[in-house]
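Here are the chains, one letter per residue:
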Amino acid sequence: MSVGRSPTAGIASLPMDRLERVWAWGRADSAMSWVWRPTTVDGVRDVLALAASRGLGVGLRGAGCSYGDASLNAEGISLDLSRMTRVLDWDPATGVIRGEPGVTMRQLWQYVLEDGWWPPVVTGTMAITLGGAAGMNVHGKNAWKLGPIGDHLRSVDLLLASGEVVRCSRDERPDLFHAAIGGFGMLGCFTSLELQLERVHSGLIEIEAIPARGVREMFEVFEERLATADYLVGWVDTLARDHRLGRGLVHAAHHLPAGADRRAAQTLRPEHQELPSTLFGVVPKSLMWRFMRPLTNHAGVRLVNAAKYHLSARQGRFRYRQSHVGFHFLLDYVPDWKRAYGPGGLIQFQAFVPAAAAQATYTELLDRSHRAGVVPYLGVLKRHRPDPFWMTHGLDGWSLAMDFRVTRTTRGALWRHCSELARVVTAAGGRFYYAKDSTLAPDELGGYFDEERVRRFLALKRRLDPDTRWQTNLWRRVFGGR
Ligand SMILES: Cc1cc2nc3c(=O)[nH]c(=O)nc-3n(C[C@H](O)[C@H](O)[C@H](O)COP(=O)(O)OP(=O)(O)OC[C@H]3O[C@@H](n4cnc5c(N)ncnc54)[C@H](O)[C@@H]3O)c2cc1C
C-alpha cells in the first residue's frame, strides 16, 4: 500500500481556483490543497470519483479544529464537510438525533437544549463538527464517566473509497464501527451520524472551584470527586515550578436534578446560553487576542497565571451556577485567542498515562520542560476510562494537555523536546491523541499502540481502501512507509 504524495500529473489538471492554503487549527502548519465543499452525499461521491480519476489522495476535513496536521492534505484534495449541516432526524422524546457530518456542536446544542437535552460529550470548543468528533472520537471533561463520543454514537453511515455507503453500529459491521470511529478519516467519510443525547433539567450547571497547591493535591481533589461529579477539569499553572509545580485550579461540575432550577424553561433557552460578545460590555471580544498578544510570553504568562492562581487561592473553595455553554466552552470566550501566540502559532502535546504512573509522569514532564526552558503556557488535566475503539487514545488513567508556543527560532528545539517527552510517556505505558499531535514520528507509534492493533487497522484500510484514497499529512507523517 502506497502512502506517497499524489502524482504531479493528476494535480496539473485540477482547477487552480480550487487551490487554497488550508491551516491547522494551531497555525503552526498549513498545506496547499484543492478544496471542495460539497453539500450532498452525491457531491462527496463526485469528489471521490474525481480524485480516483486523477490518482489523488483525499483528506477529510470538518471544522479544522485539530491542532496539528490531522485534517491537512498537502498537494492533494481537501474534502471539506462543513457545508453538510442538516439535522436529518430528531426525537425529543428519546433524545436521539441524526445529523450530517458538518453539523457543529454549537448547532447541536442550540437545536436540542430547549427540549431538555445536551450532547453527552463536548470538547473545549463548540466549533467542531459531528464528523470530525467521530473521526477523532473526542472526549470531554466527563471522559472518566461517560467515555468518548463513540460510546454514545448509535450508528454511522460511512462512505467507503469504493463510493458505497454502509451503515455501521454495534450490531451491524461492528468491526468497522469500532475502527472508523477514532480512525482519523482513514477508512471512509461519515455521511450521517446518530447520537444519543443526555437528559438535562436546567440550562445551568453547578460548579465547585477548588484551588490545588501542587500536582499531588490536584490529583487528590479529583480522586475525592470521581464518584460524585459529572465533570472534572484541572487548570495547571505550567509556569509555577519547584514546590509549586503543578499548582492550579480544579472545576468540578454537577448537573442540576429535576426541580432544582425554578426557571428551567427560561435557562434552557439558547438565548440564555450565549457567550457575551463584549468584555465588560465595552471591548469587542473579537479584539481581545490583540491585547493578549504582548502577554503571551514567559514573563506575561507567569504574571497572569500567578494572578489567577492567587486570586482563586485567596477565595478558596466556592460554588456557583453557570450556563452549560459558559462552563464547557471557556475556550470560545475569546475568539481567535490562538492568534495571541503570534505568527508561529501553537502546538499541543497531550499525554495519556495509566493511573498508577500518571502523577510521577506529569511531574517529570513539567519538570523537564522547566529544565529545558521549553515551558508550556497552558496545562489541562483530565481523567479517562478505556473504550472499545481500535485506535483509541482512551485508557484507565489521566491526560495532561500542554500548549506550547511555536516560533521560527524555537521550532526545532520544541520538536526535539516533544520527542523527549514522548519517550517519557511511552516508557510509562502512555498514549497520544492524533487530534492534538504535531510531533510524533513513525518510530514512536509502536511504543504506544501494540503492533497487533496497528496491523489490524492497516489490514482493514488495505481491504477497504486499496489505492490509499484517504490520506492526510498526519497519516503520511505517522504511518509513512507502513
Ligand atoms: C480550542 C479547542 C479545544 C479542544 N478541546 C478538546 C477536548 O476537550 N477534547 C477533545 O477530544 N478534543 C478537543 N479538541 C480537538 C477537537 O475536538 C478535535 O480535533 C476534533 O476532531 C475537531 O473536529 P473538526 O470537525 O474540526 O474536525 P477536523 O479537525 O477537521 O478533522 C478531525 C479528523 O476527523 C476526520 N474527519 C473530519 N470529518 C470527517 C468525516 N465526515 N468522516 C470521517 N472523518 C472525518 C479528519 O480527516 C481528521 O482526521 C479541541 C480543539 C480545539 C481547537
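Quantities reported herein were computed from a predicted structural model and do not represent experimental measurements. (Residues numbered from 1 in each chain as written. Predicted model: local features only at pLDDT ≥ 70, side-chain atom pairs only at ≥ 80, totals over all residues. Heavy atoms only, no water.)

Right, let's talk about the overall build of the protein for a bit. Helix and strand content of the protein: 17 helices and 20 strands. Against the compact-globule benchmark of 23 Å for 482 residues, the protein has a radius of gyration of 22 Å, which places it among compact chains. Across its three principal directions, the C-alpha atoms of the protein cover 65 × 55 × 45 Å. The burial tally for the protein puts 60% of its 482 residues in the buried class. Summarising the internal contacts of the protein: among those between residues at least 6 apart in sequence, 73% fall at separations of at least 24. Summed over its atoms, the accessible surface of the protein is roughly 19400 Å², and 52% of this surface lies on carbon and sulfur atoms. Charge separation in the protein, taken as the distance between the mean sites of 61 positive and 49 negative side-chain charges, equals 6 Å. (Helix = DSSP H or I, 4+ residues; strand = E, 2+ residues; numbered from the N terminus. Rg over C-alpha atoms; globule rule 2.2 N^0.38 Å. Buried < 20%, exposed > 50% of the residue type's maximum accessible area, 1.4 Å probe, protein only. Contact = heavy atoms within 4.5 Å. Areas by Shrake-Rupley, 256 points an atom, 1.4 Å probe, with all protein chains shown as cover. Lys, Arg positive; Asp, Glu negative; His and termini not counted. Charge placed at Lys NZ, Arg CZ, Asp CG, Glu CD.)

A few words now on helix α3 (residues 105-112). Within the span of α3, buried status applies to Met105, Leu108, Trp109 and Val112. With its buried residues spanning 90° around the axis, α3 presents them on a single face. (Arc of directions from axis to C-beta.)

This part takes up the site of the ligand. In the vicinity of the ligand there are 34 residues, among which Leu60, Gly62, Cys65, Ser66 and Thr129 approach most closely. The backbone of cysteine 65 places a nitrogen or oxygen atom 2.7 Å from an oxygen atom of the ligand. Contact between the ligand and phenylalanine 184: an oxygen atom at 3.2 Å from a main-chain N or O atom of the residue. Going through the elements one at a time, β3 (58-61), α4 (130-136) and β10 (189-196) are the ones with two or more residues in the shell around the ligand. Looking at the shell around the ligand, the element that brings in the most residues is α4, giving 4 residues. Class assignment for the residues of the shell around the ligand results in 17 nonpolar, 14 polar and 3 charged. (Near = heavy atom within 4 Å. Polar contact = N/O pair within 3.5 Å; in protein donor to acceptor, adjacent residues only side chain to side chain. Nonpolar A, V, L, I, M, F, W, Y, C, P; charged D, E, K, R; others polar.)

When their charged atoms lie close together, side chains carrying opposite charge are able to pair. Inspection of every chain in the model, using the stated rule, returns 30 salt bridges. Between arginine 98 and aspartate 157 there is a salt bridge, with its nearest N and O atoms 3.9 Å apart. In this pair, arginine 98 sits in strand β6 (residues 96-99) while aspartate 157 sits in strand β8 (residues 153-159), placing the two residues 59 residues apart along the sequence. Note on accessibility: arginine 98 and aspartate 157 belong to one class, buried. Aspartate 396 serves as the salt-bridge partner of arginine 383, at 3.0 Å between the closest nitrogen and oxygen. Highlighted residues: arginine 383 in strand β19 (residues 378-383) and aspartate 396 in the loop between β19 and β20 (397-405), separated in sequence by 13 residues. Residue arginine 383 is classed as buried on the basis of its relative accessible area, which comes to 12%. The class for aspartate 396 is partly exposed, based on a relative accessible area of 45%. Residues joined in a network through salt bridges with shared partners are Arg98, Arg154, Asp157, Arg167 and Glu194. (Salt bridge = Lys/Arg side-chain N within 4 Å of Asp/Glu carboxyl O.)

A few words on the confidence of the model for the protein. Close reading of the predicted structure is inappropriate where its pLDDT is low. Overall, the prediction assigns the protein a mean pLDDT of 94, with 96% of residues at 70 or greater. Predicted confidence is poor over residues 1-6, with pLDDT under 50, and the contacts of this stretch with residues over four places away or in other chains come to 27 contacts. (pLDDT = per-residue confidence, 0-100.)

Alternating residues of β6 divide into Val96 and Arg98 and Ile97 and Gly99, and every residue in both groups is buried. Summarising the sheet, strand β5 (residues 87-91) and β6 pair through 4 bridges and their orientation is antiparallel. Looking across to β6, one finds that valine 87 is bridged to glycine 99. Counting the residues between successive antiparallel strands, the hairpin from β5 to β6 contains 4 residues, one of them, glycine 95, with a positive phi of roughly 75°. Summarising the sheet, β6 and β10 pair through 4 bridges and their orientation is antiparallel. The residue of β10 that forms the bridge with arginine 98 is glutamate 194. (Pairing = 2+ DSSP bridges.)

Turning next to the sheet that holds β6. Two modes of strand pairing occur in sheets, parallel and antiparallel, and in both the strands are linked by backbone hydrogen bonds. As summarised here, the arrangement of the 5 strands in space is β5-β6-β10-β8-β9, forming an open sheet in which the pairing is antiparallel. A strand with exactly one partner marks an edge of an open sheet, and here the two such strands are β5 and β9 (165-169). Across the sheet, the axes of successive neighbouring strands diverge by a mean angle of 10°, strand direction being ignored. Where helix α2 (residues 41-54) meets the sheet, its contacts fall on β8, β9 and β10, and the angle it forms with β8 comes to roughly 45°. (Axes fitted to C-alpha atoms, helices over the stretch in contact; angles between N-to-C directions.)

Before going further, it helps to examine helix α14 (residues 411-427). For α14, with 17 residues, the first-to-last C-alpha span of 24 Å sits near the 24 Å given by 1.5 Å per residue. The complete set of buried residues in α14 reads Leu414, His417, Cys418, Leu421, Ala422, Val424 and Val425. Viewed along the axis of α14, the buried residues span an arc of 160°, placing them on a single side of the element. Those residues of α14 that are exposed and angled more than 90 degrees off the buried face are Arg416, Arg423 and Ala427. Of the residues one or two after α14, glycine 429 is the one with positive phi, at around 80°. (Expected span 1.5 Å × (residues − 1).)

Here we come to the packing of helix α7 (residues 215-225) against helix α13 (residues 355-372). Direction vectors running N to C along α7 and α13 enclose 145°, while the axes themselves pass 10 Å from each other. Taken as a pair, α7 and α13 cross one another with a handedness that is right-handed. Of α13, the residues touching α7 (which contributes Val215, Arg216 and Phe219) are Ala358, Gln359, Tyr362 and Thr363. Its residues placed into classes, the contact of α7 with α13 shows 4 nonpolar, 2 polar and 1 charged. (Left-handed = near helix turned anticlockwise from the far one by under 90°.)

Counting across every chain of the model gives 19 aromatic pairs. An aromatic cluster is present here, built from Trp25, Tyr67, Trp337, Tyr341 and Tyr377 joined pairwise through their rings. We note lysine 308 situated over the ring of tryptophan 235; from NZ or CZ to the ring centre the distance is 4.2 Å. Across the ring face of tryptophan 289, the terminal group of arginine 339 is positioned such that the distance to the ring centre comes to 6.0 Å. (Phe/Tyr/Trp six-rings, centres within 6.5 Å; stacked < 30°, edge-to-face > 60°. Lys NZ or Arg CZ within 6 Å of the ring centre and 35° of its normal.)

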